[in-house]
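Structure at a glance
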Amino acid sequence: MGKKVALHNLGCKVNAYELEAVEQLLEARGYEIVPFEPGADIYIINTCTVTNIADRKSRQMLHRAKKMNPQALVAAVGCYAQARGGELERDPAIDLVIGNNRKKEIPDLLEACLRERRKHREVPDIGRERDYEPLRIAGTKEHTRAFLKVQDGCNQFCSYCIIPYTRGRVRSRDPQEVLREVQRLSVSGCREIVLSGIHLSSYGADFENGTGLLELIRLLHPVEGIARIRLGSLEPGIITERFAEQLSRLPKVCPHFHLSLQSGCDRTLRRMNRRYTSGEYLEKCRILRKYFKDPALTTDIITGFPGETEEDFRRSREFVEKVSFFETHVFPYSRREGTKAAKMEEQIPEAVKKERSHVLLELNRRQKEKYLKAALGRETEVLLEEREEFEGRPAWSGYTREYRKVLVLSEKDLGNTLLTVCPEKVCRGEFLLCT
C-alpha cells in the first residue's frame, strides 16, 4: 500500500488504547505511520465528546488536518463522530466518519473510501451493540506501562453524561483474551498494566458466569514479568469489605484508587443520578484505608452543575477537604445536548463555574503537596520510565505504587527498572526528588 498515515488521539486512556490498536492494524496492512504533520496521505483523528471543549478540539483537529494537506483523506473516528455523524458527513473537510465499535474495520473502510473516491459514513446504532469489539495490541511504545482496555459502554446514565449515548451498553472483554494480551505485553518488556474501561466497575456485568473485575485481576496476577496491576477509574459501589480485603491479598495491585465523586453534596448527587450519598462514599474511602496502608485516593469533581447553590458548593468543598484526596480533577459543568441535565433549569453562569473550580484547584494543590510530603524520608519503590533533566542535571522520572511522581538524579540508564528510593524533597508541588 505504501500510503502515509498520521494519527491523533483526543480524550481518555480507552481512546488512546484503541488508536494504538488501530495503528498496529494499519502497519500490518503496509501503511507507513508518520507524525501528525504536513505530508501525510491520510489523517485519522480519534475524537472525544465528553465536554464542549472536547467537541471544539475535535473539530479544530479535523480541520487542521485538512489544511495540512487538502488532498489527503481525513477520517473522524470515535465518540464525537458517533454523536455528530450526520453533521460531520456534511463537513467538506471530512471524508470518512467512523463511530464506535467499528474501529477494527478502519483499514477496510479506508481502502473502500480511497477506491470509490467518495465520502463514507459508518456509524452504528450504538445502543443495540452487544459484542465487545476485538481490538488488541501486541506491544506498547512506552514499554514500561501499558493501558489495557477490558470493558466498553456504560449503563449508569448520569444526568450530565453523554457517554452512554456514544459508547452504548456495558460490554466486557473475554478474560482469557485479556490474559493472552497481558502475557504478550510481559514478553515485550512491560512491567505495569493499567486496567481501563468506560465503566470499569461494570466489568463482567454482561457475563452469565459471574466473572467480575476481582476475578479478572486474580487471573492476571500470576503473569510473570508484570510487577504491578493498577486500576483505572472505579465507581464507589464496587468497594466493599470483601472486594478491598481480597485485593489487599494480591501484592501486585497498586494502592491507588480513583473513585469518581462528582460532588460532595447529597442534593447535587441526587440530581446527577449518582446513586450514592456522600456518607456512603466516605465509608468506601474508610474501607480502602483499612486494608491498604496510606492508599492514594483520587477523584473527579464537577463544579456549577445546574441548580448548585453556594451552600451546595460549600458542602462539596468541605467534603473534598474531609476526605483528603491525593489529587482532585476539577471540571466545570459542560452542557451536553441529549442529556437530562441539559434541560434542567438554573443553569450556572460560566464565570461562577470557573470561580468555584479555582477554589477546588487551590484545595487540590494543598492536598497533593501534603500527600507528597508524607513520603519524604521513607523508602518507596519507583518504576522509572523516562529520561529527563533537572536543573541541568540528568535524571529519570517514574511513579511509585501510589502514583506519586519521582525524579531520580542519575547518569545511568534506569529506564524500565524498579528502584527503592528515599525521597528527600517535594519540588514545585508536583513531584519528589531523589539525589
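These notes cover the structure that comes with them. (Residues numbered from 1 in each chain as written. Predicted model: local features only at pLDDT ≥ 70, side-chain atom pairs only at ≥ 80, totals over all residues. Heavy atoms only, no water.)

1. As for the overall build of the protein
This is how it is decided: Helix numbers and strand numbers start at the N terminus; a helix is a DSSP run of H or I with at least 4 residues, a strand a run of E with at least 2. It is over C-alpha atoms that the radius of gyration is taken, and the globule rule equals 2.2 Å times the number of residues to the power 0.38. Partly exposed describes any residue whose relative accessible area lies between the buried limit of under 20% and the exposed limit of over 50%, with all areas from a 1.4 Å probe on protein chains only and scaled to the type maximum. Throughout, a contact is declared for two residues whenever any of their heavy atoms are within 4.5 Å. Each accessible area value is a Shrake-Rupley result obtained with a 1.4 Å probe; residue values ignore everything except the protein chains displayed when judging cover. The sign given to each residue is positive for Lys and Arg and negative for Asp and Glu; His and the chain ends receive no count. In this description, the location of a charge corresponds to atom NZ of lysine, CZ of arginine, CG of aspartate or CD of glutamate.
Counting its secondary structure elements, the protein contains 13 helices and 19 strands. Taking 2.2 N^0.38 as the reference for a compact globule, 435 residues should give roughly 22 Å; the C-alpha atoms of the protein span a radius of gyration of 22 Å, in line with that estimate. In terms of principal-axis extent, the alpha carbons of the protein reach across some 65 × 60 × 50 Å. Counting the 435 residues in the protein, one finds 57% classified as buried. Look at the contacts in the protein between residues 6 or more apart in sequence, and 74% of them connect residues 24 or more apart. As presented, the protein carries roughly 19,400 Å² of accessible surface, and 48% of it is formed by carbon and sulfur atoms. Each charge class in the protein was averaged separately, 74 positive and 65 negative side chains, and the resulting centres sit 2 Å apart.

2. A look at the packing of helix 11 (residues 278-291) against helix 12 (residues 310-323)
Let me state the cut-off plainly: Interaxial angles span 0 to 180 degrees and are taken between N-to-C directions of axes, which are lines fitted to C-alpha atoms, for helices over the stretch in contact. Oblique is the label for any angle not under 35 degrees, not over 145, and not in the 65 to 115 range, which are roughly parallel, roughly antiparallel and roughly perpendicular in turn. In this scheme the handedness of a crossing depends on how the near helix is turned from the far one: anticlockwise by less than a right angle means left-handed, clockwise means right-handed. Classification used: nonpolar for Ala, Val, Leu, Ile, Met, Phe, Trp, Tyr, Cys and Pro, charged for Asp, Glu, Lys and Arg, polar for all others including Gly.
For the pair helix 11 and helix 12, interaxial distance at closest approach is 11 Å and the crossing angle is 10°. Relative to helix 12, the element helix 11 is oriented roughly parallel. Along this stretch, helix 11 crosses helix 12, giving a crossing that reads as right-handed. Within the contact between the two elements, helix 11 uses Ser-278, Tyr-281, Leu-282, Cys-285 and Arg-289 and helix 12 uses Phe-319, Lys-322 and Val-323. By residue class, the composition of the contact of helix 11 with helix 12 is five nonpolar, one polar and two charged.

3. Some points on unusual backbone geometry
Phi at Asp-294 takes a positive value of approximately 50°, unusual for a residue other than glycine. Checked against the element boundaries, Asp-294 lands in the loop between helix 11 and strand 12 (296-303). Relative accessible area serves as the criterion here: at 30%, Asp-294 is assigned to the partly exposed category. One non-glycine residue with positive phi stands out, namely Ser-324, at about 65°. With respect to the secondary-structure elements, Ser-324 resides in the loop between helix 12 and strand 13 (327-332). Judged by relative accessible area, which is 27%, Ser-324 ranks as partly exposed.

4. A closer look at the pattern of salt bridges
Here is the rule we go by: We count a salt bridge whenever a side-chain nitrogen from Lys or Arg sits within 4 Å of a carboxyl oxygen from Asp or Glu.
Counted according to the given criterion, the structure contains 52 salt bridges. A salt bridge links Arg-84 to Glu-337, with the nearest nitrogen and oxygen atoms 3.5 Å apart. Separated by 253 residues along the polypeptide, Arg-84 in the loop between helix 3 (79-83) and helix 4 (85-89) and Glu-337 in the loop between strand 13 and helix 13 (350-373) bring together distant segments of the chain. Using a relative accessible area of 61% as the deciding quantity, one classes Glu-337 as exposed. Where Arg-365 meets Glu-369, a salt bridge forms, and the shortest distance between an N and an O atom there is 3.5 Å.

5. Details of helix 5 (residues 106-116)
When we look at burial in helix 5, the residues that qualify are Ile-106, Pro-107, Leu-109, Leu-110, Ala-112 and Cys-113. The inward-facing, buried residues of helix 5 abut helix 1 (13-28), strand 3 (42-47), strand 4 (73-78), strand 5 (96-98) and strand 6 (120-122). Residue Arg-117 follows helix 5 closely and has a positive phi angle near 50°.

6. Structural notes on the nonpolar core
For clarity, the cut-off: The term nonpolar core refers to a set of buried residues drawn from Ala, Val, Leu, Ile, Met, Phe, Trp, Tyr and Cys, joined through side-chain atoms within 4.5 Å.
Counting residues in each nonpolar core, the largest one holds 53 residues, and the members touching the most others are Ile-193, Leu-195, Leu-213, Ile-217, Leu-220, Leu-234 and Leu-247. Sort the elements by how many residues they give to this core and helix 8 (residues 213-220) lands first, with five residues. Of all hydrophobic cores here, the second largest spans 22 residues; its members include Leu-62, Ala-76, Ile-94 and Val-97.

7. A few points about the layout of surface pockets
Definition in use: Lining residues are those with an atom within 4 Å of a point, where the points come from a 1 Å grid over the protein atoms alone and group into cavities, where a 1.4 Å probe fits but cannot get out, or pockets, open sets with protein on both sides within 12 Å along at least five of seven lines. Grid points are joined across faces, edges and corners, and a volume is the space filled by probe spheres set on the points.
If you add up the space inside the second largest pocket, you get close to 410 Å³. Looking at the second largest pocket, it is lined by 18 residues, and the ones nearest its centre are Ala-16, Leu-19, Glu-20, Glu-23 and Lys-141. A total of six residues in the lining of the second largest pocket trace back to one element, the largest contributor, which is helix 1. Broken down by class, the residue content of the lining of the second largest pocket amounts to nine nonpolar, three polar and six charged.

Geometric descriptors of this kind do not, in isolation, establish any biological role.
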